[in-house]
Amino acid sequence: PGSRARSNDLLPAVEVLTPAGAFVSTDLGIGWNLVPLFADAGAPASAWQVGARLWPQFGRPSRVTPRGVGRLGSRITTEAFANVQATSWLMLQSGLSWGSGRGHDGELLELGLTSGIPVGDEFIGITLATTAANGAHLRSSYGIGPGESRASGLPEWRPHAGMMDWSLALSAEHKFSERWSVSGQWLDARLVGDAARSPLTQARSQQTFSASLWYRF
């Protein structure tokens, strides 16, 4: 969130899940859910997901960066996650990531809860989430240093650690057969706090829609 720029992309999607908990996915990143390693053979599926993953943190390209302000490149971050199916209709999610920002010293804490609404034989997933960030991440993404202020004419801005955004997502999947399915997600993310008030922020909210066609091998 923060930019008014619009982009339309066509990208391949892949998801590989192993019984041992390893995964490679365009939706989830590359990582490992460690719970299956400690589960007894033949035991029912655990309500917990605990592990780590590598995940891209996309930066701010030059085309949406004001002249005089340094661009922010993309980063590969590391995240430790813990999710639990608290009830049959509620999942609690959390993730602590590090490695974002210009100095790779940014940290993010993400908390969320997911439920679902039955629609016929299908479910529409609803996720409400929020993100807090340390000062290093916010200064890299939304801050303006003294030199950048002189070069760009924008006022200096030094955000402090705190809440960065909240988001609402709707997701659904429909299976045509055992192998073919289609999924979609709509996401509305809104900046809050120092990130929302930054001179670099052109729009406090940003909406994203994605659709994927899947074939299961």
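No experiment lies behind these values; they were computed from the predicted model shown. (Residues numbered from 1 in each chain as written. Predicted model: local features only at pLDDT ≥ 70, side-chain atom pairs only at ≥ 80, totals over all residues. Heavy atoms only, no water.)

The subject of this paragraph is the overall build of the protein chain. What the protein chain contains, in helices and strands, is four helices and eleven strands. The dimensions of the protein chain, computed from C-alpha atoms along their principal axes, are 65 × 35 × 30 Å. Across the 217 residues of the protein chain, 31% fall into the buried class. Of the contacts formed within the protein chain by residues at least 6 apart in sequence, a portion of 50% connects residues at least 24 apart. (Helix = DSSP H or I, 4+ residues; strand = E, 2+ residues; numbered from the N terminus. Buried < 20%, exposed > 50% of the residue type's maximum accessible area, 1.4 Å probe, protein only. Contact = heavy atoms within 4.5 Å.)

For His104, which is not glycine, the phi torsion reads 55° and is therefore positive. With respect to the helices, strands and loops of the structure, His104 is situated in the loop between strand 6 (90-100) and strand 7 (106-119).

Right, let's get into the packing of aromatic side chains. According to the stated counting rule, one finds three aromatic pairs in the structure shown. Measuring from centroid to centroid gives 6.3 Å for Phe23 and Phe81, while their planes differ by 55°, and the two rings are tilted. Of the two residues, Phe23 sits in strand 2 (residues 22-25) while Phe81 sits in strand 5 (residues 75-87), which places them 58 residues apart along the sequence. Here Phe23 matches Phe81 in class, with each residue buried. With centroids separated by 5.1 Å and ring planes inclined at 80°, the aromatic side chains of Tyr215 and Phe217 adopt a geometry described as edge-to-face. By way of ring pairs, the aromatic residues Trp180, Tyr215 and Phe217 are connected into one cluster. Residue placement shows Arg53 over the ring face of Trp55; its charged tip is 4.6 Å from the ring centre. (Phe/Tyr/Trp six-rings, centres within 6.5 Å; stacked < 30°, edge-to-face > 60°. Lys NZ or Arg CZ within 6 Å of the ring centre and 35° of its normal.)

With that settled, the discussion passes to the sheet that holds strand 10 (residues 180-191). Spatial strand order, 1-2-3-4-5-6-7-8-9-10-11: eleven strands in an open sheet with antiparallel pairing. The open sheet terminates on both sides in strands that have one partner only, identified here as strand 1 (15-17) and strand 11 (205-215). Ignoring which end each strand starts from, the neighbouring axes of this sheet average 20° apart. In this structure, strand 7 lies alongside strand 8 (residues 122-133), joined through twelve bridges in antiparallel fashion. The residue of strand 8 that forms the bridge with Leu113 is Leu128. (Pairing = 2+ DSSP bridges. Axes fitted to C-alpha atoms, helices over the stretch in contact; angles between N-to-C directions.)

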